[in-house]
Amino acid sequence: MKSLSFDTTNALCGALFIGLGGFFVYQCLGLELGTAFRMGPGYFPLMLALVLSLLGIIILIQSTRVEGEPIGPVAWRGMLFILPAPIFFGLTVRGLGFVPSLFFTALIACFASQKMKPLTAIVLSIALTIFSVAVFSYALGLPFQRFGPWVRF
């Protein structure tokens, strides 16, 4: 008889999806659900949580069928720069405004890669800022301040 072996990466991923889905299902049960034709505020989040749980179950079952690679080293540098970048943007967009906040957010995220050079990071951040202002401010006409009260010209 064949022993049961797991692909640890997929098993952890499936278990995480099931856990998160279960948590959000539990949280949605306190909201009014409604029906499929007259949805309440908890209906759509409940459906998304159920789909997440179902995907977790599928991934967990699949992890028993495929022999996977071991979990490699954790990319600490990436987490150290990528995770704080949107937090920085959220905390500074009202004070600095869209343009400076987006520039510094992109600059912070650029240094997640060890191969990124400072000049390349600055050029990339400027290009991303110009593109985002063109799309969100001019093309879509979203009403936000390009420069906030902290940096008045």
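The rules behind each value
- Residues numbered from 1 in each chain as written.
- Predicted model: local features only at pLDDT ≥ 70, side-chain atom pairs only at ≥ 80, totals over all residues.
- Heavy atoms only, no water.
- Helix = DSSP H or I, 4+ residues; strand = E, 2+ residues; numbered from the N terminus.
- Rg over C-alpha atoms; globule rule 2.2 N^0.38 Å.
- Buried < 20%, exposed > 50% of the residue type's maximum accessible area, 1.4 Å probe, protein only.
- Axes fitted to C-alpha atoms, helices over the stretch in contact; angles between N-to-C directions.
- Parallel < 35°, antiparallel > 145°, perpendicular 65-115°, else oblique.
- Left-handed = near helix turned anticlockwise from the far one by under 90°.
- Contact = heavy atoms within 4.5 Å.
- Domains from an automatic or database assignment.
- Expected span 1.5 Å × (residues − 1).

- The name given to the protein in an unreviewed UniProt entry is Membrane protein, with the source organism recorded as Pararhizobium polonicum.

### Let's talk about the overall build of the protein
- Counting its regular elements, the protein contains 6 helices and 0 strands.
- When the helices and strands of the protein are listed from N to C terminus, the series reads α-α-α-α-α-α.
- Since a compact globule built from 153 residues should have a radius of gyration of about 15 Å, the 22 Å found for the protein marks it as more spread out than a globular shape.
- Burial statistics for the protein: of 153 residues in total, 25% are counted as buried.

### Considerations on the packing of helix α4 (residues 84–96) against helix α5 (residues 98–110)
- One way to put it is that α4 packs onto α5 with a least axis distance of 8 Å and a crossing angle of 160°. One finds that α4 runs roughly antiparallel with respect to α5. Crossing handedness for the pair α4 and α5: right-handed. The residues of α5 that touch α4, namely those facing Ala85, Pro86, Phe88, Phe89, Thr92, Val93 and Leu96, are Phe98, Pro100, Ser101, Leu102, Phe104, Thr105, Ile108 and Ala109.

### Let's talk about the side chain of Thr105
- Along the chain, Thr105 turns up in helix α5.
- Once residues lying within four places of it in the same chain are set aside, the contact partners of Thr105 are Ala85, Pro86, Phe88 and Phe89.

### Side note on the side chain of Thr92
- Among the secondary structure elements, Thr92 is positioned in helix α4.
- Residue Thr92 is classed as buried on the basis of its relative accessible area, which comes to 10%.
- When sequence neighbours within four positions are dropped, the list of residues in contact with Thr92 reads Gly97, Ser101 and Trp150.

### Observations concerning the domain arrangement of the protein
- Considered domain by domain, the protein is made up of domain 1 (8–63) and domain 2 (76–151).
- Between the C-alpha centres of domain 1 and domain 2 the distance comes to 32 Å.

### Section: α5
- With 13 residues, α5 extends 18 Å between its outermost C-alpha atoms, agreeing within 8% with the 18 Å of an ideal straight helix rising 1.5 Å per residue.
- The element α5 is extensively covered by neighbouring structure, given that 10 of its 13 residues are classed as buried.
- The complete set of buried residues in α5 reads Phe98, Val99, Pro100, Ser101, Leu102, Phe103, Thr105, Ala106, Leu107 and Cys110.
- In this fold, the buried residues of α5 make contact with α4 and α6 (118–139).

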